[in-house]
Amino acid sequence: MQDMCTAEATASLLQVEETFSACLARINTLILKPLLQAEPSDQKGKENFKLLLLLNDRFQALCNLTEENYCMLKQKHSSSESFCIQDIYAVWKGDLFLNLYIQYFVTFANYVVVRGFEHATESKSEAWKHHKTVLKQFLTDFTSETSMSLALYTVLHKPIRDHIEHYILLLTKLNEVLKEGPEKDVVTSAIKEYVKLESFVSQVLDEACFTKSLWKSLSYKFTDMLCVPERRLLEDSKNLPISASTNRSDRVLLFDDVLVLIQGNSFQSFDLKLVWVDENCREKLAPGLYRLRIITPEETFFLSAKDPQMKAVWQWKLNQAVRQALNGKRDFPLWGKTGEGTKPPSCRFFTYVFRLEGKFKNTSYEGEWHWGKPHGKGTLKWHDGRNHVGDFKEGLEHGFGICLVPRKSEDRYDCYKCHWYEGKMRGYGICEYGNDMVYKGYFKDNVRQGFGILENFSAEHPFKYSGQWENDKKSGYGVWEDKDRGERYIGTWLDDHKHGQGIVVTQSGVCYQRTFHADKMVGSGILLLEDDSVYEGNFTEDLTFVGKGKLSFANGFILEGTFTNKSGQGLQTHGILNTSNEQLDDRITKVQLGLEEFPVEKRWKGIYDQFLEFIHSGCKEETEESFTGFHIQTSKELRKSQEYLFCQKGTEDVSWKTEDILEELVQHQELESLQSYLEKALKSSLHPLGKLLKALTIAFQATYSGIGANRHLLTMAQEEVKYYAKKIWEFYQGLLHLALEQKGQLPSKSMDEDTSDEKACSVVLPLILPCFYPELFMLYMLYHEREDDLYCQGIVDLSLFPDIKLLEFLDVQKHLWPLKDLTLTTNQRRSLIKDKCFLSATECLQKLITTVDPREKLVILQKTYEEIESTVSRVVEKDYRLPMDDLLPLLMYVVSRAK
């Protein structure tokens, strides 16, 4: 029974397709072909003709599919094979049918909107005139319309719409007799889609006619600029009254892609992709008015209706139009349950060029938007070549961003990779200037502010400044290294000039301390020469003594008087030479500079301020790199840090998210646990304390490494490292205090200053010392250079002794001599053998040079002692604990042999 019904449905469909196919063939021959022969010569006509060609292509595709379906049905009908649902193309290939019908009617509607049929029937071509009479006779078979253009409109859409209705009727009859199962489901689904298609076609044609009527009513000035074939009018304030803000417009037009406000002879259009509709207006309303707030990138205005129903309709239509514009396609059908109740997203991605006066005038922005403002990731491009790529918040640069600024005189750019706050650079950043300079440091309000490093890599005048900045100028404590002159200035600055107390260290070892005023030396100073002499008085930039002064020699002699330096005559002096003291004076040779002039509390304030501000801000994760980013020294690292910040992916095993850090701080308050935690934190480049230590290490190296390695700065460096430990402990306490507050716990009573300093020295100092060993070790070596030279000479002298002679010389008791280790070769005397005794202890002590950590060095010394004791126990053939009287000479022996 079901197969019979299917066969009957197929037969009915065959008859319908045969009739429809013949109809399409006649329309093609008698209407489309003549229309295509009449190609116009005017610009408007040519544009319409292109649409007609596209309409013809859609029509031919429809004809071909209909013919294919017809042939398939005819073949099945003429054969004895049984029918099935797969034989009905309209069902089995429903998507293909629907797409072709949709494409045809959309193109047809576009042609209607631009009044294509009216223009086509007004053609003056001979081919059209010759065919007109035959065509009129043909059209009367389809429609009673007397207007040629209206008749063409009817003929090119009515048969096709009727055919869709036939499909629905035939499929509905077939569905009634089908049993429940997959085939019935397929047919039911196909019917629903064809019903939607029928509704879609009706709506498309209604919109097209509505839009065409609008273009007819408007002046050419508006239609030339607004009339686009694909554009549809969705609502008109003349039909559904609504008005824009006072004196804003006479008419409001809602299209499927733009919102247009007409005022007199001018209009404004707003791309719907960047239109937000806010129905919750809080402004006070005049009685009887219901408002919608319309938000666009540069303007906000209101649409006012006189009753809530009108407001609701406009609100719904606006929201649906915006949503469909963002989707890039219309709903199917256009107005129905498909998008019902769905509001457009408030966050969007779009490109827009700002036109109105303001910060972004003539700027192109491509990126994310939120309620009419750039918000999220985006790119700004100015006409002058500037570019900004990064994060935005409420219309302004906010967060991490990269800004390229072209230099006026050269074909180069300044590249700012920085953190931004409310449209201005703020926090840590790296700026690569087009003149080969690089700044790494902090910004505020678009200028360098706080701690920063400026380095010039050009060959002309290479330099490096590490220190404080105020309002884009070097001000405060800072270190300047002039690589051409081979000298380093450590001291205070004001408005980009050396100003105040300063220490200058040269590559040759000369070091002096002076007062500076606008880069010029003033007053007297102290000059420390490489031969350990010290001059106190006035001297020139080329270090020539002038005026009254006192020259103290390393041997204790003192020359005090007036110094002159006449051209060609050399240095002359008139004064008194005191030779009463003939001994080296450590107070002269090892005098220490900078302690009183640069108290540790005033050094590197810019670093500490940033970390303090980070703690006071509540340690918000999104601002962490802005405050504590100085551990980043390259552009690549800067980008990676941002990826880590947003993705939370790190190479370290420990999670250093801010919330995890604060949680762990509370769990590790016991001393042993705390030391372990701080050790990990300080070694990590992701923990705030580790970032602080990195910044301090950079500042320390800028001062004391390389040229800055001068023995007269040792105490200054020592005090600085101790202060680092104190500040790190303070910041740890600040983090712990914040963590306890967030957990609702009361922080314990703060320690007094002495206890805090004690904790800093006992807990933090041993952990941070390894970071400063290279510089401190060099300073210690230079400070003790004279003693070390004497020590080394002593080691060399002792190394000349054979083993037995050296043991005897050091007064080591004979029963402790390891004579068994002195293996003799032919013609070798025992008294001449070297480097054979206590060999294991010697090799152990030699490992000392491979270690940096003092704790590791102590371990090696302990093992050396154990090796000495082990050798002695072997010699005396019993366990032997060495008393100090025996140990000291043996240790001296091992030290001399280890060299």
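Residues numbered from 1 in each chain as written. Predicted model: local features only at pLDDT ≥ 70, side-chain atom pairs only at ≥ 80, totals over all residues. Heavy atoms only, no water.

## Let's talk about the pairing of strand 11 (residues 373–381)
Residues in a regular strand point their side chains to alternate faces of the sheet. Filter applied, for reference: A pair of strands is treated as paired once DSSP finds two or more bridges between them. The secondary structure listing takes helices from DSSP runs of H or I that are at least 4 residues long and strands from runs of E that are at least 2 residues long, numbered from the N terminus.
Here strand 10 (residues 364–370) pairs with strand 11 via six bridges, running antiparallel. Bridge pairing in strand 11 links G367 to G378. As consecutive antiparallel partners, strand 10 and strand 11 are separated by two residues, and within that stretch W371 has a phi angle of approximately 50°, a positive value.

## Regarding the layout of surface pockets
Going by this rule: In this analysis a 1.4 Å probe is tested at points of a 1 Å grid over the protein atoms alone, and where it fits but cannot get out there is a cavity; an open set with protein on both sides within 12 Å along at least five of seven lines is a pocket; lining residues have an atom within 4 Å of a point. Grid points are joined across faces, edges and corners, and a volume is the space filled by probe spheres set on the points. Nonpolar residues are Ala, Val, Leu, Ile, Met, Phe, Trp, Tyr, Cys and Pro. Charged residues are Asp, Glu, Lys and Arg, and all others, Gly as well, are polar.
Computed from the structure, the largest pocket encloses a volume of approximately 1,200 Å³. Lining the largest pocket we find 31 residues, and of these F777, M781, D788, L848 and K857 sit closest to its centre. If you list the elements that add at least two residues to the lining of the largest pocket, you get helix 19 (714–742), helix 20 (753–783), helix 21 (785–799), helix 23 (839–846), helix 24 (854–876) and helix 25 (884–898). The class makeup of the residues in the lining of the largest pocket is 21 nonpolar, four polar and six charged.

## Describing the sheet that holds strand 7 (residues 290–295)
Stated precisely, the cut-off is as follows: Whether two residues are in contact is decided by their heavy atoms, any of which lying within 4.5 Å being enough. Working convention: axes come from line fits to C-alpha atoms, limited for helices to the stretch in contact. Angles between N-to-C directions cover 0 to 180 degrees.
The strand order 2-8-7-6 describes an open sheet built from four strands, whose pairing is antiparallel. With partners counted over all chains shown, the strands left at the sheet margins are strand 2 (243–244) and strand 6 (276–278), one partner each. Examined bridge by bridge, strand 6 and strand 7 share three bridges and lie antiparallel to one another. The residue of strand 7 that forms the bridge with W276 is I295. Against the sheet, helix 11 (residues 308–327) touches strand 6, strand 7 and strand 8 (300–305), its axis set at about 20° to strand 7.

## Focus on helix 18 (residues 688–704)
Put simply, the test is: Multiplying 1.5 Å by the residue count of a helix minus one yields the expected span of that helix. Relative accessible area decides the class of each residue, using a 1.4 Å probe on protein chains only: under 20% of the type maximum gives buried, over 50% gives exposed, and in between gives partly exposed.
Between its terminal C-alpha atoms helix 18 stretches 24 Å, which fits the 24 Å expected from 17 residues at 1.5 Å a residue. By the criterion of burial, helix 18 is predominantly enclosed, with 15 of the 17 residues buried. Of the residues one or two after helix 18, G706 is the one with positive phi, at around 60°.

## With respect to the pairing of strand 18 (residues 463–470)
Most of strand 18 is tucked away, with six of its eight residues classed as buried. The pairing of strand 17 (residues 447–456) with strand 18 spans seven bridges and is antiparallel. The partner of G452 across the bridge, within strand 18, is G467. Where strand 17 folds back onto strand 18 in an antiparallel hairpin, the turn is made up of six residues. In this structure, strand 18 lies alongside strand 19 (residues 473–482), joined through seven bridges in antiparallel fashion. Across the sheet, the residue bridging to Y465 is W480, located in strand 19. Connecting strand 18 to the next strand, strand 19, in antiparallel fashion are two residues, including N471 with a positive phi near 55°.

## Structural notes on the packing of aromatic side chains
Counted only if it meets this: Classification of ring pairs rests on two measures: the distance between centres of Phe, Tyr or Trp rings, Trp counted by its six-membered ring, which must be within 6.5 Å, and the angle between planes, read as stacked under 30 degrees, edge-to-face over 60 and tilted in between. Geometrically, a lysine NZ or arginine CZ counts as sitting over a ring once it is within 6 Å of the ring centre and also within 35 degrees of the ring normal.
On inspection of all chains with the given rule, the structure shows 48 aromatic pairs. With 5.5 Å between their ring centres and 50° between their planes, F108 and F117 make a pair best called tilted. Among the residues examined, F117 registers a relative accessible area of 3% and is labelled buried. With a centroid separation of 6.5 Å and an interplanar angle of 70°, the aromatic rings of F117 and Y153 are classed as edge-to-face. Of this pair, F117 sits in helix 5 (residues 116–121) while Y153 sits in helix 7 (residues 148–155); the two residues are 36 residues apart in sequence, bridging distant segments of the chain. One exposure class covers both F117 and Y153, and it is buried. Connected via pairs of aromatic rings, a cluster forms that spans Y416, Y433, Y439, F443, F463, Y465, W469, W480, Y489, W493 and F516. Between the NZ or CZ atom of R291 and the centre of the ring of F302, over which it lies, the distance is 4.7 Å.

## Re the pattern of salt bridges
Note the threshold: Salt bridge, as applied in this entry: a Lys or Arg side-chain nitrogen positioned within 4 Å of an Asp or Glu carboxyl oxygen.
Within this structure, the stated rule accounts for 34 salt bridges. Where E193 meets K196, a salt bridge forms, and the shortest distance between an N and an O atom there is 3.7 Å. Separated by three residues within a single helix, E193 and K196 lie in helix 9 (residues 182–217), roughly one turn from each other. Measuring nitrogen to oxygen at the nearest pair gives 1.9 Å for the salt bridge that ties D532 to R711.

## A word on helix 17 (residues 671–683)
Convention followed: Note that the arc is defined by the directions from the helix axis to the C-beta atoms.
With 13 residues, helix 17 extends 18 Å from end C-alpha to end C-alpha; this agrees with the ideal 18 Å at 1.5 Å per step. Buried residues of helix 17: L674, Y677, L678, A681 and L682, and no others. For helix 17, the buried positions fall inside an angular range of 125° around the axis, keeping them on one side. The outward face of helix 17, more than 90 degrees from its buried face, is lined by the exposed residues E672, K680 and K683.

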